Amino acid sequence: MLTSHMAMLEHHLSSGIEAEVYAFNDFKRGPAVPLEAPSNSKPWRPFHSRLECEVAELALEAGLNNEQTDQLIKICHCCAVGKENFTFKNHKDIHVKWEAASFRITKFTKEVISVPYDGKMWNFDLHYRDLWGLASDLLGDPHIFPHFTFDAQRLSKFDSETFVCFIGEPYTAQDFWDVQSQLLPGGKPLAFILYADKTRLSSFGTVGIGSSYVVGWLPILASKSRVGQWFACMDGVERWFFLVVLILSADYEEQCVMSLTRGVMSLWPCPICLVPRDALSNTSKMYTRRTMDDSCAAVTTARAKDTIEEQEEVLKVLGLCNIENALWAIQYLDVHRALSHDRCHFNHGGLWLCHYWVELQKYIARLGRAKVSQRNLRHLNQVMNISFADSAMHEDISKADIYAAFEVHTTATISEGRGAVQALTALMKDDDESDKDWNFLKLHMLTHLFNDIEAKGASRNYNTKPNEQMHRPLKDWYQDRTNFKDFAEQILRIDHWFHVADDICRRLLDLDDYLMFKSQGQANNDDDKDKDYSDAQRPVSDFLPSLNDGSLHVKLGSSQAPQTFALIEDTHQNDDTFTNFHVRLNSFLNDFLPACNIPLPDGKRIHLKSDVAVTAHQFLRVNFESLVDWRQHMDYLRCNPCFFNAPHFDCVFIQTHANVIIGRLLFLFDCPVGEDLFPLALDKQLNLFRAKFFSVRSIIRGALLVHDAGLDYLVVDTVNTDMFLRVKEMHLQAGHVVHI
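Per chain, residues are indexed from 1 in the order of the written sequence. Side-chain atom pairs in this predicted model are given and counted only at pLDDT of 80 or more, local residue features only at pLDDT of at least 70, and totals for whole chains, interfaces and linings cover all residues. Calculation of side-chain values draws on the structure's entire complement of heavy atoms; hydrogens and water are dropped beforehand.

Take the overall build of the protein chain next. For the protein chain, the helix and strand inventory stands at 22 helices and 24 strands. Whether a residue is buried, partly exposed or exposed follows from its accessible area with a 1.4 Å probe, protein chains only, as a fraction of its type maximum: under 20%, in between, or over 50%, in that order. Relative to its full complement of 740 residues, the protein chain shows a buried share of 44%. Residue contacts are defined here by distance: any two heavy atoms, one from each residue, within 4.5 Å place the two residues in contact. Sequence separation of 24 or more characterises 64% of the internal contacts of the protein chain that already satisfy a separation of 6 or more. Secondary structure elements are defined from DSSP: runs of H or I of at least 4 residues count as helices, runs of E of at least 2 residues count as strands, and each element is numbered from the N terminus.

See below:
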């Protein structure tokens, strides 16, 4: 019998694996990795000892110069106690060992590319890693291999009527499925994401580094992308792999370079579709998509013309450059389809920063501001006068592209997201108070966002934000570890050494874990013997498990000194919510415990007196299942009158018998009843005068609200994707019309 707690997993037909239906709680996509003996008992090789390896890694991470490294080695010799060999004499010895260890991971190769331009030949150094070599490294890595998925999958969840497809990782989306359908029988796609961005190595802008050496992978890839390569994997299965560039992740300027389109000033500026330059603000119309075959044919046709003018006439109507694209040589890749929506640059650092934010500031400049705190967000003192900030900060400020941020999408959320784009565009056009011209490219790029999600999974798969973090180490190494001459080779060597050090370190940890596991032996089974309890003898903790178990729903922390009810009421004598605190608590407990099938002590009504002491808490950790990806997430909540010199009382979603409500925590405490402790909360439901008691376990998760005026609070539902869906669900249950 199918229920709403069922999930179905379909593998690609070529895999030969039949579809499976699971109880949703049993459905897992994580790797199951047994603890096996490491293949190498001395993973620090070619270093003479583990000590030498760790000293060399420390010097590398700290960026020690030659003199500092020599001094560190002298200190190590002075401290050596003879347990391990330490043979280093100076920094040169460490350099030699890193070079010897470099074989563990595919190294960079240098080639010189000659290009004719302006009547002469120009030579450029091209540094690249062989992509097949890099793929072999990843497939042979015991930490990474269990996370590989070699067959396209379709995932769906039963909603009481039918199975609804959901999309998250690229292998659950359409393009991965389509690529595997094109492969020879038995072939497996080994998909890569190619990221490109330019940056400056020096703060003065005198030295630049781009993505040209990354493009150097492609000639190595093209030859084998057609015929594939067999590889014996760590699970003992030989697979026939075809390297595929599934996603091209880049800002608009780099996308134009990858697709060899002419950019924002051309008649057809979009690298994905043929939208006219004067129709960029029309997000309701879908234009003909570009294809690699059409672009290749256009360039071939143009080059057959006799004059440059004739060639230009053919190419300008498509906004193409007169260049043969190296990416055309890669099998199973359509450049225009692989180009993907970049939330970092298109939304947060583009559409929001340069357009929405500027307009919004005009409207709210007169309304003042409020500072709010929420976990995983920057806590800014003010935002209205920020003149410079990176895209990550503007992501926290805006939260305007909430549908784009979903970690998992269903057919419904994709449809709602498209509707939200249309609604937003319509509102902007109907704004009579603004003379803003909304005809620009990054607004148009929103029309491709949900197509990308259907084709390549959630937007986090191709957002450039994680890759932007690679820029900082490159700049630091340039400034601190090069002589500013032939710096490319120096930087790439350091980068390679870091990867080697990481590989050695992880294998050392594996060895340590295995040796510890082996030395512990079998656990003592005596502690696991069952203890028989009758229902009358069973402690209340069997009904409400101990909070000391971190895997449970809630856990209280930041315990305070015990205080009596009389002291609590006296301390809060000016606060009406604490009036008759213990009397109201008695009434709550006498109703709450029987409702939870928990017997009252000795079968009598509870009468806690004013001299009974309770333990207050100022911290609450809540584990909850996200409505977006159905995974467990964690919330940290505060109920503290002086948290960093300011009162901090978080708001929460509370599950009652009738529905879900939102309230603010006022007091968290453990209440003794008989021989047991019950974790309780005094909570004030928003927009009501009276506070009520709740079990801490009825708290679902935290909520972000901003106090407006009087009793009014504004719910910030876009703070994260889960809260967005919870607030929407509350509106629907209340019969409100939800506008998209």
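Next, the rest of the story.
Taken together, 3 strands build an open sheet; the order of strands is β7-β11-β10 and the sheet is mixed. Two strands close off the open sheet at either side, each with one partner strand: β7 (187–196) and β10 (229–232). Across this sheet, the average inter-strand angle for adjacent strands is 50 degrees, counted without regard to direction. Strand pairing is assigned whenever DSSP identifies at least 2 bridges connecting the two strands. The pairing of β7 with strand β11 (residues 238–250) spans 10 bridges and is parallel. Counted as the bridge partner of Tyr195 is Ser249 from β11. The strands that helix α8 (residues 252–259) touches are β7 and β11; relative to β11, the one it contacts most, it runs at about 125 degrees. To obtain each axis, a line is fitted to C-alpha atoms, and for helices this fit is confined to the stretch in contact; angles are then taken between N-to-C directions over 0 to 180 degrees.

Turning to the pattern of salt bridges, a few remarks are in order. We define a salt bridge as a side-chain nitrogen of Lys or Arg found within 4 Å of a carboxyl oxygen belonging to Asp or Glu. This structure, assessed with the given rule, holds 24 salt bridges. A salt bridge links Lys728 to Glu416; its shortest N-O distance comes to 2.7 Å. Placement of Lys728 in helix α22 (residues 721–733) and of Glu416 in helix α14 (residues 411–429) is noted, with a sequence separation of 312 residues between them. Arg701 serves as the salt-bridge partner of Asp722, at 2.9 Å between the closest nitrogen and oxygen.

This part takes up the confidence of the model for the protein chain. On average, residues of the protein chain carry a pLDDT of 82, and 80% of them reach 70 or more. Per-element confidence in the protein chain is highest for helix α11 (residues 335–338), whose mean pLDDT is 96, and lowest for helix α6 (residues 212–215), whose mean pLDDT is 30. Scored from 0 to 100, pLDDT records how confident the predictor is in each individual residue. Counted against residues more than four places away or in other chains, residues 203–222, with its pLDDT under 50, gives 41 contacts.

It is worth spelling out the sheet that holds strand β2 (residues 20–23) at this point. Spatial strand order, β2-β1-β5-β6-β12: 5 strands in an open sheet with antiparallel pairing. Either end of the sheet is taken by a strand with one partner, and the two such strands are β2 and β12 (409–410). Pairing analysis gives 4 bridges linking strand β1 (residues 6–11) to β2, with the strands arranged antiparallel. Of the residues in β2, the one forming a bridge with Leu9 is Glu20.

A separate point is helix α21 (residues 581–595). Note: α-helices contain 3.6 residues per turn, so residues at a spacing of three or four share the same orientation. The end-to-end C-alpha separation of α21 is 21 Å, in line with the 21 Å expected for 15 residues at 1.5 Å each. Those residues of α21 lying buried are Phe581, His582, Arg584, Leu585, Asn586, Phe588, Leu589, Asn590, Phe592 and Leu593. In this structure, the buried residues of α21 make contact with α20 (565–571), β19 (660–673), β20 (676–685) and β21 (691–695). Looking one or two places after α21, you find Asn597, whose phi comes out positive at around 60 degrees. By this rule the span expected of a helix is its residue count minus one, scaled by 1.5 Å.

Relative to the elements of secondary structure, Cys233 occurs in the loop between β10 and β11. Each C-alpha atom, one on Cys233 and one on Leu139, is 6.5 Å from the other, the two residues being 94 residues apart in sequence. Setting aside residues up to four positions removed in sequence, Cys233 forms contacts with Phe145, Arg239 and Phe241.

This brings us to a nonpolar patch on the surface. Together, Ile113, Val115, Tyr117, Trp122 and Phe124 make up an exposed nonpolar region whose accessible area comes to about 490 Å². Every element with two or more residues in the nonpolar patch is listed here: β3 (108–117) and β4 (120–129). The greatest single-element share of the nonpolar patch, amounting to 3 residues, is contributed by β3. Exposure above 30% relative accessible area and no salt bridge define the residues that can form patches, which grow by joining like charges within 9 Å and nonpolar side chains of Val, Leu, Ile, Met, Phe, Trp and Tyr within 5 Å. Using the Shrake-Rupley algorithm and a 1.4 Å probe, accessible areas are obtained, with residue cover drawn only from the displayed protein chains.

What follows covers the packing of aromatic side chains. Only Phe, Tyr and Trp rings are paired, with Trp represented by its six-membered ring, and only when their centres lie within 6.5 Å; those with planes under 30 degrees apart are stacked, over 60 edge-to-face, the remainder tilted. Inspection of the entire model under this criterion finds 30 aromatic pairs. Ring geometry for Tyr478 and Phe487: centres 5.2 Å apart, planes at 80 degrees, overall edge-to-face. Arranged with centres 5.1 Å apart and planes meeting at 10 degrees, the rings of Phe588 and Phe592 form a pair that is stacked. You can see Phe588 and its partner Phe592 sitting in helix α21, 4 residues apart, about one turn around the helix. Of the two residues examined, Phe588 and Phe592, each falls in the buried class. Ring pairing ties together the aromatic residues Phe565, Phe578, Phe581, Phe588, Phe592, Phe667, Phe669 and Phe693, which thus form one cluster. A ring is considered to have a charge above it if a Lys NZ or an Arg CZ atom is located within 6 Å of its centre and within 35 degrees of its normal. Here the guanidinium or amino end of Arg154 rests over the ring plane of Trp177, the centre of that ring lying 3.7 Å away. Directly above the aromatic system of Trp497 lies the positively charged group of Arg493, at a separation of 5.9 Å from the ring centroid.

Another aspect to go through is the side chain of Lys456. Residue placement: Lys456 occurs in helix α16 (residues 446–456). At a separation of 3.0 Å, a polar atom in the side chain of Lys456 contacts the side chain of Ser340. Not counting residues up to four positions away in its chain, the partners in contact with Lys456 are Pro170, Ala173, Asp175, Leu246, Ile247, Arg337, Ala338, Leu339, Ser340, Asn461 and Tyr462. Any pair of nitrogen or oxygen atoms within 3.5 Å is treated as a polar contact; in protein, a donor-acceptor pairing is required on top of that, and neighbouring residues in sequence qualify only through side-chain atoms on both sides.

One way to put it is that helix α1 (residues 50–62) packs onto helix α2 (residues 66–79) with a least axis distance of 11 Å and a crossing angle of 150 degrees. Regarding the angle of α1 to α2, the classification is roughly antiparallel. Handedness of the α1/α2 crossing: right-handed. Along the contact surface, α1 presents Val55, Leu58 and Ala59, while α2 presents Thr69, Leu72 and Cys76. Considering only residue class, the contact of α1 with α2 consists of 5 nonpolar, 1 polar and no charged. Small angles under 35 degrees read as roughly parallel and large ones over 145 as roughly antiparallel, with 65 to 115 read as roughly perpendicular and the rest as oblique. Two helices cross in a left-handed way if the nearer one is turned anticlockwise from the farther one by less than a right angle. They cross in a right-handed way if the turn is clockwise. Classes in brief: Ala, Val, Leu, Ile, Met, Phe, Trp, Tyr, Cys and Pro nonpolar; Asp, Glu, Lys and Arg charged; the others, Gly included, polar.

Glancing now at the packing of helix α18 (residues 471–481) against helix α19 (residues 487–520). Between α18 and α19, the least distance of the axes is 10 Å, while the angle of their chain directions is 115 degrees. α19 is crossed by α18, and the crossing has right-handed handedness. Residues Leu474, Trp477, Tyr478 and Arg481 of α18 form the contact with α19, whose own contacting residues are Phe487, Gln490, Ile491, Ile494, Asp495 and Phe498. Within the contact of α18 with α19, the residues separate by chemical class into 7 nonpolar, 1 polar and 2 charged.

Looking now at the environment of Arg638. Here Arg638 lies in strand β16 (residues 632–640). Once the C-alpha coordinates of Arg638 and His617 are considered, the two residues, 21 residues apart in sequence, prove to be 9.1 Å apart. Filtering out sequence-adjacent residues up to four positions away, Arg638 remains in contact with Gln618, Phe619, Phe643, His648, Phe649, Asp650 and Leu665.

Inspection of the secondary structure puts His448 in helix α16. Here His448 falls in the buried class, since its relative accessible area comes to 3%. Discounting chain neighbours no more than four positions away, the residues touching His448 are Cys270, Ile272, Cys273 and Arg289.

Buried within helix α3 (residues 91–101) are the following residues: Ile94, Lys97, Trp98 and Ala101. Seen from one end, α3 has its buried residues packed into an arc of 100 degrees, which puts them on one side. Looking at the buried positions of α3, the neighbouring elements they touch are α1, α2 and α19. Regarding α3, its N-cap is Asn90, as a side-chain oxygen of that residue lies 3.0 Å from the backbone nitrogen of Lys92 further along. Here, the arc refers to the directions that run from the helix axis to the C-beta atoms.

On to the pairing of β1, then. When you tally the buried positions in β1, you get 5 out of 6 residues, the bulk of the element. In terms of strand pairing, β1 meets strand β5 (residues 153–158) through 5 bridges, oriented antiparallel. Each residue of the ladder has a partner; that of His11, found in β5, is Gln153.

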